[in-house]
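What follows is each chain in one-letter form.
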Amino acid sequence: MKEPKYLSLARSHIGLKELTGSNDHPLILSAWVKLNAGWLYKEAWCGLGVGYCLDAFGYAIPKAFYRAKAWLDWGERLDEPCLGCVVIFDRKGGGHVGFPIAKDHAGRLRVLGANQKNQVSVEPFETKRVLGYRMPFGVPTRTPLPVVSNADAASENEA
């Protein structure tokens, strides 16, 4: 199954961690600067991770990409997740955004995202938290998510 290049880029950063409780890893700092939001360098960075990967391959991103819920007004709306789409979640105090890469047998999404346990990782999420699915304009392929075995407990706090 061939995945979009921006998803492969995100995957290549799995394990990248914040430093000393803030997001001051050199790559994170340079991504804030590249996307003209260097003043946000101490903020939540899930939207930065998604925006950085999409921008690297020429896809437009929301002006307020750093606000997870801003992704709800971006791209093409989907009714179901597929490989390469962006998922937007609700959470206490805001939202969260990432790339769904699989479903598990319990029906949860496996999401590749930034600022998950203070790093880039793949975590399980309950679908009841989903606010929407969006696909970048210009990505014609709609590959269904693969089904994988159950994962750890679902994420409840992305900070």
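Our subject is the structure listed above.
The paragraphs below set out a description of the structure included in this document. Keep in mind that this is a model prediction, so the values were computed, not measured.

Side note on the environment of V122
And then number 1: With respect to the element layout, V122 can be found in strand β5 (residues 119-125).
And then number 2: The sequence separation of V122 and G98 amounts to 24 residues, and the corresponding C-alpha distance is 9.4 Å.
And then number 3: Setting aside residues no more than four positions away along its own chain, V122 makes contact with I14, I101, R110, V111, L112 and Q116.

Topic: the environment of L112
And then number 1: Along the polypeptide, L112 turns up in strand β4 (residues 109-116).
And then number 2: A relative accessible area of 1% places L112 in the buried class.
And then number 3: Between the C-alpha atom of L112 and that of G98, which follows or precedes it by 14 residues, the distance is 5.8 Å.
And then number 4: Not counting the four nearest positions on each side in its chain, L112 is found in contact with L7, A10, R11, I14, G98, F99, I101, V120, S121 and V122.

What about the packing of helix α1 (residues 5-12) against helix α3 (residues 46-55)?
And then number 1: Following both chains from N to C, one finds α1 and α3 inclined at 130 degrees, their axes separated by 8 Å at the closest point. Taken together, α1 and α3 sit at an angle that is classed as oblique. Considering how the two elements wind past one another, α1 and α3 form a crossing that is right-handed. Listed contacts from α3 to Y6, L9 and A10 of α1 are Y52, C53 and L54.
And then number 2: Tallied by class, residues from the contact of α1 with α3 come to six nonpolar, no polar and no charged.

Quick notes on the rules
- Residues numbered from 1 in each chain as written.
- Predicted model: local features only at pLDDT ≥ 70, side-chain atom pairs only at ≥ 80, totals over all residues.
- Heavy atoms only, no water.
- Helix = DSSP H or I, 4+ residues; strand = E, 2+ residues; numbered from the N terminus.
- Contact = heavy atoms within 4.5 Å.
- Buried < 20%, exposed > 50% of the residue type's maximum accessible area, 1.4 Å probe, protein only.
- Axes fitted to C-alpha atoms, helices over the stretch in contact; angles between N-to-C directions.
- Parallel < 35°, antiparallel > 145°, perpendicular 65-115°, else oblique.
- Left-handed = near helix turned anticlockwise from the far one by under 90°.
- Nonpolar A, V, L, I, M, F, W, Y, C, P; charged D, E, K, R; others polar.

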